[in-house]
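# Summary of structural features
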Amino acid sequence: GVVVPRSEMIKGYEYAKDRYATFSDQELKDLIHPEIEWVNPEEAIEGGTRQGLAGIRTAIETFFDGAGRAATIELEQVYERGNRVLARVRVHARGSSSGAEAVGPPVCLVVTIRDGQVLRIEWQYWTDETLDSFERGGLTESRPSLRSS
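Residues numbered from 1 in each chain as written. Predicted model: local features only at pLDDT ≥ 70, side-chain atom pairs only at ≥ 80, totals over all residues. Heavy atoms only, no water.

## Some points on unusual backbone geometry
- Notably, aspartate 115 is not glycine yet its phi reads approximately 50°, a positive angle.
- On the secondary structure map, aspartate 115 appears in the loop between strand S6 (107–114) and strand S7 (117–125).
- Overall, aspartate 115 belongs to the exposed group, its relative accessible area being 69%. (Helix = DSSP H or I, 4+ residues; strand = E, 2+ residues; numbered from the N terminus. Buried < 20%, exposed > 50% of the residue type's maximum accessible area, 1.4 Å probe, protein only.)

## Let's talk about the packing of aromatic side chains
- In this structure the tally under the stated criterion is one aromatic pair.
- For the ring pair tryptophan 123 and tyrosine 125, a centre distance of 4.7 Å and an interplane angle of 70° mean the geometry is edge-to-face. (Phe/Tyr/Trp six-rings, centres within 6.5 Å; stacked < 30°, edge-to-face > 60°.)

## Some points on the pairing of S7
- Counting buried positions along S7 gives eight out of nine residues, so the element sits mostly inside the fold.
- Here strand S1 (residues 32–40) pairs with S7 via four bridges, running parallel. When the bridges of S7 are listed, tryptophan 38 appears paired with isoleucine 121.
- Where S6 and S7 come together, eight bridges link them in antiparallel fashion. In the sheet register, cysteine 108 faces S7, and the bridge partner there is glutamine 124.
- Linking S6 back to S7 in an antiparallel pair, the connection comprises two residues, with aspartate 115 at a positive phi of about 50°. (Pairing = 2+ DSSP bridges.)

## Observations regarding the nonpolar core
- Core analysis: the biggest nonpolar cluster contains ten residues, these being Leu28, Ile32, Ile36, Trp38, Ile56, Ala59, Ile60, Val111, Val118 and Ile121.
- By size, the runner-up hydrophobic cluster in this structure holds seven residues, among which are Ala44, Val89, Val107 and Trp123. (Core = buried A, V, L, I, M, F, W, Y, C linked by side-chain atoms within 4.5 Å.)

## What to know about the confidence of the model for the protein
- The predicted model of the protein has a mean per-residue pLDDT of 75, with 75% of residues at 70 or higher.
- Mean pLDDT values for the elements of the protein range from 47 in helix H1 (residues 6–20) up to 92 in strand S2 (residues 48–51).
- Predicted confidence for residues 1–20 stays below pLDDT 50, and this span has 23 contacts to residues more than four positions away or in other chains.
- Per-residue pLDDT stays below 50 along residues 141–149; that stretch engages in 26 contacts with residues further than four places along the chain or on separate chains. (pLDDT = per-residue confidence, 0-100. Contact = heavy atoms within 4.5 Å.)

## Quick look at the pattern of salt bridges
- Within this structure, the stated rule accounts for seven salt bridges.
- Residues glutamate 76 and arginine 88 are paired through a salt bridge, measuring 2.7 Å at the closest nitrogen-oxygen approach. In this pair, glutamate 76 is assigned in strand S3 (residues 72–81) and arginine 88 in strand S4 (residues 84–94), connecting sequence segments twelve residues apart. An identical accessibility class is assigned to glutamate 76 and arginine 88; each is buried.
- A single network of salt bridges, built from pairs that share partners, joins Glu37, Arg84, Arg120 and Glu122. (Salt bridge = Lys/Arg side-chain N within 4 Å of Asp/Glu carboxyl O.)

Encoded structure:
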């Protein structure tokens, strides 16, 4: 895999984070494949697959509802394999009343690209075997759907 220098990852992440709130529907449609899927592990609070632009918006809103509006995602490592990218990240959440920060364990997002658009985002727990599996072409599973309206 290709390891992207941390400084470049941070620049790209900060740009994406700043831009997400201001993306128009057309910009999201240009970035996201019409058949996009967001896949959570079955053991997640909302396990399963969300589909389409509405499903992605719901998944992101659900994340911020659970982690808090001030939550941030720290990008630690990025690897590429063909049309897939694995990003190892940590969630930083802040208590709304206490202000205390909690840092989660490392997790990963496996992003699949088709025709220059994001087709699939798989949220996975990070283990010692995660990168090895990704390098071998693994980390794809079929999961039940949570259909978006």
